[in-house]
Amino acid sequence: MNARTRRLTTAQALVRFLSAQYTERDGVRRRLIAGTWGIFGHGNVAGVGQALVEAGEDVMPFHQGRNEQSMVHAAVGYARQLNRLSAQAVTTSIGPGATNLVTGAALATINRLPVLLLPGDYFASHAPDPLLQQLEHPVEADVSVNDTLRPVSRYFDRITRPEALIPSALQAMRVLADPAETGAVTLALPQDVQAEAYDWPEEFFTERVWYVRRPAPDPVELAAAVEAIRSAGRPLIVAGGGVHHSEAEEALKALVEATGIPVASTQAGKGSLRHDHPADLGGIGHTGTAVSDDLARTADLVIGVGTRYTDFTTASGTLFQNPEVRFLNLNITGFDAHKLAARTLVCDAKSGLEKLLEALSGHRVGQEYEAEYRSGKDRWDEVVDAAYRADDENAVPTQTQVLGTLDAAVGDDDVVINAAGSLPGDLHKLWRSRSPRQYHLEYGYSCMGYEIPAGIGVQQAAPGTPVWALVGDGTYLMMPTEIVTAVQEGLPVNIVLIQNHGYASIGGLSQETGGERFGTAYRFRAADGTFSGAPLPVDLAANAASLGMDVRRAKTVRELREALAAARASDRPTCVYVETDPAPTAPPAEAWWDVPVAETASRAAAVEARERYDRHVAGRRRHL
């Protein structure tokens, strides 16, 4: 072997390369690719699989998964917990193993979270053609099922020759480490190329550090932003996930305490301030608090920090109703900063907030405005207290009482994970976040099945941190398989499994939009053919136990409190199973959400729903 080269297979070279990649921000260095998840088949077992064995655990830790989609969810949970400074890779076979990645890839890219995907692919040589699980396209022979990953990846390449890995791997690392570009990155690996040897330059395997930039705001943009804030009488900050990714919580707190500007949070941004900070108003938008949404309707300047402004945040364009309202967006991506025809500060959240604080020296909102929002915050705290309160500890708990009981059980640094169903709305309105990482809601894609594998990723990123995955029965049935992984690895993830016999969130939405809860209940068919019979005799607690979890059943508020305390004290994966009282106890929505309703219908429910819809949609604005 030449002293300046090393002869390895493509897969062996990729693993060695990944093991030498690091990120660095603010002087803190981390492995960029800290481990690899995998399920092996004929598309990767002899390539990447053999390379992982060859390298050993010290070079590249390996995590055994049970479902390809959930492996991506675990990697995303890991990356989010570590503020996008460290990620994991996921390797799969060709065919269904590869296409199972698509949902997870979409979730990662939509949420701007890094994950490296390494699906197997057809033979680059086309020597055996077609092969098992290969998609044959009649006019595009270079297409494979992996092309489904192109639109949900921030970078995609198919490595058809060994030497093509070098520039592609470098580009992949650049995208993963770049806070303005990050998301899912896919390197599709033909299985013959994985096993092919090549003389690799030694420089390819040297340690490489990817510095995560904190770009400062442009002086002209900063001056315009300061002028806009100083001239505003009712400014409101909307904190998004970028506050957390940039570790800008203290900078936000300093700005708020100096200026008195209140803060409302998106699902991703909740926890940017502690819930008991006088300027923290809680969630905003369709699932927001009354005080946040009331201020949003009258705000004359909305300052978005690290937010994408989804329809839940803007109440489908109906929330910001002040005729004079203008927007100022601080975001590391120009794409998001320019939304809503805003003035822009294209920069890192932490550096941008620090520069604003310096330039706004001596400025503060009016005392009447501060008194107004503090009074509204106090009124909303009473709403939360009422929703959490359980006067009868021997009664079956409602869903909001489950949250109140959990709130009393967790510590400040516990992590609470959720993604879909009726829980995100209740949590956004009610949860009292005590630390930046406590509230972990995946609501960019709101993917059922995210919670349990993400809990595993968070546990890997923060060993010793109590983690709670909150799931309803519908979500649990989507993807419980990684329970086996938690048991295998000895990761004490706690699952709070809430049984309400169906899709509670979509059932409510169906009723509101004229769908009459059609197809949303988990029940036997009745004589009329509808799913309105008795609840199904499905024992999800027994299922969790069969997968290796310790299970604690709670029938009352008192039993729930005891079960949560025991789960938190345990060093084993534990499931707390509770069947809830279906009576609605969450406060109603304080803002609208646009789900189009049938324009013509014969059934009364749909006709009435359309009348409501037309009234709401008339309030939509385009901010130009």
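Some details on the sheet that holds strand β4 (residues 33-38)
Taken in spatial order, the 6 strands of this open sheet run β5-β4-β6-β7-β9-β8, and their pairing is parallel. Looking at which strands have only one partner, the edges of the open sheet turn out to be β5 (62-64) and β8 (155-158). Geometrically, the sheet is characterised by an average inter-axis angle of 20 degrees between neighbouring strands, direction not taken into account. Summarising the sheet, β4 and strand β6 (residues 87-92) pair through 4 bridges and their orientation is parallel. Paired with Thr 36 across the bridge in β6 is Ala 89. This element, helix α5 (residues 101-110), spans β6, β7 (115-121) and β9 (184-190) of the sheet and lies at about 155 degrees to β7. Across the sheet, helix α6 (residues 165-177) lies against β4, β7, β8 and β9, angled at about 160 degrees from β9, the strand it touches most.

Brief notes about the sheet that holds strand β3 (residues 28-31)
Spatial strand order, β3-β2-β11: 3 strands in an open sheet with mixed pairing. At either end of the open sheet lies a strand with only one pairing partner, and these are β3 and β11 (208-211). Looking at each pair of strands side by side, their axes are set apart by 30 degrees on average, direction ignored. The sheet contact formed by strand β2 (residues 21-25) and β3 spans 4 bridges and is antiparallel. The partner of Tyr 22 across the bridge, within β3, is Arg 31. Packing of α6 onto the sheet brings it into contact with β2 and β11, and relative to β11 it is tilted by some 35 degrees.

Regarding the nonpolar core
In terms of nonpolar packing, the biggest core is built from 77 residues, with Ile 237, Leu 252, Leu 356, Trp 468 and Leu 470 touching the most fellow members. With 6 residues, helix α15 (residues 367-388) is the largest single contributor of residues to this core. The contacts of Leu 356, once residues within four sequence positions are left out, are Leu 222, Ala 225, Val 226, Ile 229, Leu 255, Leu 330 and Leu 345. Judged by nonpolar contacts, the second largest core, of 35 residues, contains Leu 8, Leu 116, Leu 118 and Ala 172.

Examining the side chain of Glu 249
Within the secondary structure, Glu 249 is located in helix α10 (residues 249-259). Discounting residues that sit within four places of it in the chain, Glu 249 has contacts with Val 243, His 244, Ser 272 and Pro 436.

A few points about the pattern of salt bridges
Applying the stated criterion across every chain yields a total of 34 salt bridges. Among the salt bridges present, the one from Asp 594 reaches Arg 620, with a minimum N-O distance of 2.6 Å. A residue pair is termed long-range when its members are at least 10 positions apart, and Asp 594 in the loop between β23 (574-579) and α24 (604-617) and Arg 620 in the segment after α24 qualify at 26 residues. Overall, the relative accessible area of 16% leaves Asp 594 in the buried class.

Comments concerning the pairing of strand β20 (residues 467-472)
Of all 6 residues in β20, 6 are buried, a share of seventy percent or more. Sheet analysis places strand β18 (residues 415-418) next to β20, joined by 3 bridges and oriented parallel. Bridge assignment links Val 416 to a residue of β20, and that residue is Trp 468.

Considerations on the environment of Ala 542
Within the secondary structure, Ala 542 is located in helix α22 (residues 540-546). C-alpha of Ala 542 to C-alpha of Tyr 577: the two residues are 35 residues apart in sequence and 9.8 Å apart in space.

A few points about the packing of helix α8 (residues 219-231) against helix α14 (residues 349-359)
For the pair α8 and α14, the least separation of the axes is 10 Å and the interaxial angle reads 60 degrees. Of the possible angle classes, the one that applies to α8 and α14 is oblique. When you trace α8 past α14, the crossing you get is right-handed. Residue-level contacts link Leu 222, Ala 225, Val 226, Ile 229 and Arg 230 of α8 to Lys 355, Leu 356 and Ala 359 of α14. In terms of residue class, the contact of α8 with α14 is built from 6 nonpolar, no polar and 2 charged.

Calculation rules
- Residues numbered from 1 in each chain as written.
- Predicted model: local features only at pLDDT ≥ 70, side-chain atom pairs only at ≥ 80, totals over all residues.
- Heavy atoms only, no water.
- Pairing = 2+ DSSP bridges.
- Helix = DSSP H or I, 4+ residues; strand = E, 2+ residues; numbered from the N terminus.
- Axes fitted to C-alpha atoms, helices over the stretch in contact; angles between N-to-C directions.
- Contact = heavy atoms within 4.5 Å.
- Core = buried A, V, L, I, M, F, W, Y, C linked by side-chain atoms within 4.5 Å.
- Buried < 20%, exposed > 50% of the residue type's maximum accessible area, 1.4 Å probe, protein only.
- Salt bridge = Lys/Arg side-chain N within 4 Å of Asp/Glu carboxyl O.
- Parallel < 35°, antiparallel > 145°, perpendicular 65-115°, else oblique.
- Left-handed = near helix turned anticlockwise from the far one by under 90°.
- Nonpolar A, V, L, I, M, F, W, Y, C, P; charged D, E, K, R; others polar.

The quantities given are spatial measurements derived from coordinates; they are silent on function.
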